[in-house]
Structure formats: C-alpha cells, structure tokens
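Architecture at a glance
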Amino acid sequence: MNSLTLPLLKRARGDVGIPGSKSLSNRILLLSALAEGTTTITNLLVSDDTRHMLDALRALGVDCRLSDEGTRCEVTGRGGPLARGQAVSLFLGNAGTVMRPLTAALCVGNGIFEMTGEPRMAERPIGDLIDALKLLGARVEYLDHEGFPPLRIQAGNLKGGTIGIEGGTSSQFLTALLMIAPLLNEDLSIEVRGELVSNPYVAITLAVMRRFGVEVSREHSRSFQIKGGLRYRSPGEIQVEGDASSASYFLAAGAIGGGPVRVHGTGTASVQGDARFAEVLEMMGAKVTWSRDWVEVSNQGALQAVDVDLNHIPDAAMTIATTALFAEGTTRIRNIYNWRVKETDRLGAMATELRKLGAEVDEGEDCITITPPAKLRPATIDTYNDHRMAMCFSLAAFGDAEITINDPDCTSKTFPDYFDRFASITG
Ligand SMILES: O=C(O)C1=C[C@@H](OP(=O)(O)O)[C@@H](O)[C@H](O)C1
Ligand SMILES: C=C(OP(=O)(O)O)C(=O)O
C-alpha cells in the first residue's frame, strides 16, 4: 500500500494485545542457536527484523522450525560458535539487533561471512564494535566505507582480556560483546567508555544470558566480567514478552483519546526499559494503572507538556514527540542524539513531519522541542522507511485534521498488522 488516509479519530478505548518483543526475540533466537540443547520459543515476533535473524541462522546451518504462524520456533542449538565450511553472505535488512550481535558472534569459530543489508544499514555505525572485536583478534574488513557495513569477517579464535567499548552511539555494541564473551577461551572484562546510551537494553541482554545459564558480574554500572570457555544451555521453553515499544502507541492513544486503553503483554514484570514509557504519560497527566503484564491508560483532562531526558527509552520517546501535539505547552525531549543513527535521522525526520502539522519545532543536535498549533493542519506524513515514524504519526489522527501516512507497510520491521490493531481501539 502506498499510503493510508486515517479516519478522524475522537476516542480510543478497549483492550489490545501486542506482538512479541523484537529485542527479546532476536536475542533469544541467537542464544538458542549458540546453546546446547533445543529451545522452544513462544510468542516470537513475526516481522522483518526477526525474519532476518531466522534467515541468517538458517543460512548458517541452524535448524529453526516454525509453527503457530511463525510465533513458535524450535531451535536446535549448535552448542558453540556458528562455524561454516563455505563462505556465506548474509542479508540483514536494517535490523540493528541482527547486524551488531551476529557480527560479533561470527568473529568466533570458523568460516568467512559477508554481512550486508539495506542501503540505510550502510549508514549505521558499527566501527566502535569492530575496533573492540579487533582488539580481541577478530579479522573484519569494511567492504565499502570504514566504520560501516557491509563487512567481511574471517572467523577465528578470539582471546579474552580487558577491552573498552564506546557507550555513546549504541548499546547494541556492548550487547554484542556481552553475548559472545562466554564463547571465548579466556575471561573477558568490558569497560564502557563515556556515557552508555539506551542503558536498559543491556539489562535485557543480561537477563536473556541468565536464562541461558550465563551470569555476568558487574563491578559497577559500566564494568562487566564474563568467564570464558562456557557454553550457553537451553532453558527448554521460553516465552517472549510483548513488545513494550509497540505498546507505546496504544497507551498514548489512551492518553489522547480518553481511554481506558489496556495493553496486554507488558507491565511491571517486564525486563524491557520501554515498559516505563507510561511513566511519561503519567507525568503528562494521564492516569496509568499497572499490573504485572498489562498497563492501562485513561485521561479526563488536558495533557500537559513535559521536559524530559528520554535517553533510556529512545524508541518509545518518539511516541512522546507526537503525543506532545496534544499537550498544553512546550514539550522538550533531551539526550536523544542517537535518534540520528537509527532507521533514519529521526531528529530531522520528526522535526520536518511535525512542522507539516503546524507545530513549532526546534531541532537541536540531541534534543527536540515541540509546541503544538492551536489546531493541527491536514498533512501527508512521509515515513522515511522508518516503522516508528509511521506508528507514532498515526496519533495525529486525533487532531481533527485529515492525516495520510505514506508507506504504512514499513511497520513490517517490527509490527506488520499495526494499523489493524490501532483501528481496533480507535474505530
Ligand atoms: O538492543 C536492542 O534491542 C535495541 C537497542 C536500542 O538501540 P541503541 O542501543 O542503538 O540505541 C533500540 O533503539 C533498538 O530498537 C533495540
Ligand atoms: C532503532 C531501532 O531498531 P534497530 O534494532 O534496527 O536498531 C528501532 O526499532 O527503533
């Protein structure tokens, strides 16, 4: 579909479920492949990003059997590195959670691997991770531009020791190193240099590693120690939580459209940082009710603008940017520099599209300031092949102006039937 014109929305209410978490699905798939034993994964996310992980694992000889429309997967673990006799070329789309961890995993073992992706992937940095892997002895070549995919990896033995990793661009670099550390023959200490962005994603990594039998010690918040020469062990069956970033659009709809909207699949028991998104809606004046595995949002009065550092929830932070269209006052979202190196330059894209709706927007290097107009203007929103642009701008349909979303199918990266589920609580 080239574009989707949304009906004018007045209210949002009802119950809605969300698909499995992308971050958990891809971590669990990879560790299942590396582990000893067979893992049955349930509530697996079915989307482009998980398909890229599955296709890559299969190309690497891992047996992954899907059932229940792809939400259940039985993975026969390799009990160690993903070695391969012949050279393998892997197309990884624009999935950061595949490119970064799989690159690290394929540096260990045997084989020659080419890692490629969509054009945008060639603009998403990976140099800090490759520098760290090279210090451990990895052989990685840049096939196009220094510091960016596509890459050519010649796997081998990596040593342990102590390495530093830059924390300022993407937490996925640290996640990648943590996940391969047990496969090294020697112990590894990882010291994060500078600020660690998107910090809660590291907690997801540690939690999944723990489920697969590996404990990481933490001397302080940015120093990690992992024993080498270990094997991941399958937990048997493992259920993927609902995706807390995907939940954010419905929760925001509850805040803008009155609610109550109850989202099932994530709540206080979640390991995902984005589960805290509703706290920001609470700060804006919405009423939030929490349970272990659902969150409900309703709102009677007017929402209020907030001034918040959302470095810890960079994905759900985009939902606050469009919720700001319905809040009184000027909203400022700070410390989100890495929006610039994701599916698109999200700071630039967000500013451009919010202005089309009549908002006054100030785009800083690492922040965005949004003052809504008295009334939204009708607009056609470009989505920049960014699933989150499409999803968070669907909220603009509450503004009593006709909103058309270009390329709505780009939600397939993490949430293929997003617009149907959105219609189910707003129709
Ligand atoms: O590790 C993960 O699962 C993710 C980490 C975050 O990326 P950065 O660490 O690059 O901010 C997030 O934006 C991405 O969607 C998923
Ligand atoms: C940044 C995102 O994805 P990726 O895993 O490709 O980094 C995202 O889903 O918003």
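Residues numbered from 1 in each chain as written. Chains lettered and ligands numbered in written order. Predicted model: local features only at pLDDT ≥ 70, side-chain atom pairs only at ≥ 80, totals over all residues. Heavy atoms only, no water.

Under an unreviewed UniProt entry, the name given to the protein chain is 3-phosphoshikimate 1-carboxyvinyltransferase, and the organism recorded is Kineobactrum salinum. According to the UniProt record, the Subunit (unreviewed entry) comment for the protein chain is "Monomer." (UniProt positions renumbered as here; feature names shortened; annotations may be inferred.)

1. Focus: the pattern of salt bridges
A complete count under the given rule lists 22 salt bridges for this structure. A salt bridge links Asp345 to Arg340, with the shortest nitrogen-to-oxygen separation between them at 3.0 Å. A salt bridge links Lys356 to Asp382, with the nearest nitrogen and oxygen atoms 3.0 Å apart. Of this pair, Lys356 sits in helix H10 (residues 346–356) while Asp382 sits in the loop between strand E24 (379–381) and helix H11 (387–393), placing them 26 residues apart in sequence. (Salt bridge = Lys/Arg side-chain N within 4 Å of Asp/Glu carboxyl O. Helix = DSSP H or I, 4+ residues; strand = E, 2+ residues; numbered from the N terminus.)

2. Overview of the UniProt feature "binding site: phosphoenolpyruvate" (unreviewed entry) in the protein chain
According to UniProt, the positions carrying the feature "binding site: phosphoenolpyruvate" (unreviewed entry) are Lys22, Gly96, Arg124, Gln172, Arg346, Arg388 and Lys413. For the largest cavity, the lining residues drawn from the annotated set are Lys22, Gly96, Arg124, Gln172, Arg346, Arg388 and Lys413. Examined against the element boundaries, Arg388 turns out to sit in helix H11. Apart from residues lying up to four places away in sequence, Arg388 is in contact with Lys22, Ser245, Tyr249, Asp315, Met318, Arg346 and Thr414. As for its placement among the helices and strands, Lys413 is situated in the loop between strand E25 (403–406) and helix H12 (418–426). (1 Å grid on protein atoms, 1.4 Å probe; cavity = no way out; pocket = protein on both sides within 12 Å on 5 of 7 lines; lining within 4 Å. Contact = heavy atoms within 4.5 Å.)

3. Quick look at helix H3 (residues 96–106)
In terms of residue burial, H3 counts as a mostly covered element, since 11 of its 11 residues are buried. Within H3, the full set of buried residues consists of Gly96, Thr97, Val98, Met99, Arg100, Pro101, Leu102, Thr103, Ala104, Ala105 and Leu106. (Buried < 20%, exposed > 50% of the residue type's maximum accessible area, 1.4 Å probe, protein only.)

4. Things to note about the site of ligand 2
Taken together, the neighbourhood of ligand 2 is formed by 14 residues, with Lys22, Gly96, Arg124, Arg388 and Lys413 sitting nearest. Contact distances for ligand 2 include 2.9 Å between an oxygen atom and a side-chain N or O atom of Glu343. Arg346 places a side-chain nitrogen or oxygen 2.9 Å from an oxygen atom of ligand 2. The cavity where ligand 2 resides is the largest cavity. Of all elements in the fold, only H3 and H11 reach the threshold of two or more residues within the shell around ligand 2. (Near = heavy atom within 4 Å. Polar contact = N/O pair within 3.5 Å; in protein donor to acceptor, adjacent residues only side chain to side chain. Sits in = over half its atoms within 2 Å of the grid points.)

5. Brief notes about the nonpolar core
Ranked by size, the top nonpolar core spans 78 residues in total, and within it Leu57, Leu82, Leu102, Met115, Leu133, Leu178 and Phe224 carry the most contacts. With near-sequence residues (within four places) excluded, Leu57 lies in contact with Leu29, Leu30, Ala33, Val62, Cys64, Leu82 and Leu102. Among the nonpolar cores identified, the runner-up in size contains 71 residues, and Ala321, Met350, Leu354 and Phe393 belong to it. (Core = buried A, V, L, I, M, F, W, Y, C linked by side-chain atoms within 4.5 Å.)

6. Quick look at the domain arrangement of the protein chain
Split into domains, the protein chain comes out as domain 1 (3–19 + 242–425) and domain 2 (22–239). In this complex, domain 1 contributes 27 residues to the contact, which on the side of domain 2 involves 23 residues. Roughly 1,900 Å² is buried in total at the junction of domain 1 and domain 2, and carbon and sulfur atoms are behind 46% of that figure. Considering only the surface of domain 1 that becomes buried against domain 2, Val271, Val341 and Lys413 emerge as the three largest contributors, covering 28% of it. (Domains from an automatic or database assignment. Buried area = accessible area lost by both parts, 1.4 Å probe.)

7. Looking at the packing of aromatic side chains
As enumerated under the stated definition, the model contains 6 aromatic pairs in all. Arranged with centres 5.4 Å apart and planes meeting at 75°, the rings of Phe415 and Tyr418 form a pair that is edge-to-face. Ring plane angle 75° and centroid distance 5.0 Å describe the contact between Tyr418 and Phe419, whose orientation is recorded as edge-to-face. On the accessibility criterion, Tyr418 (0% relative accessible area) is buried. Three or more aromatic residues link up through ring pairs in this structure, and these residues are Tyr249, Phe250, Phe415, Tyr418, Phe419 and Phe422. Over the ring of Trp294 we find Arg262; its NZ or CZ atom is 3.6 Å from the centre of that ring. (Phe/Tyr/Trp six-rings, centres within 6.5 Å; stacked < 30°, edge-to-face > 60°. Lys NZ or Arg CZ within 6 Å of the ring centre and 35° of its normal.)

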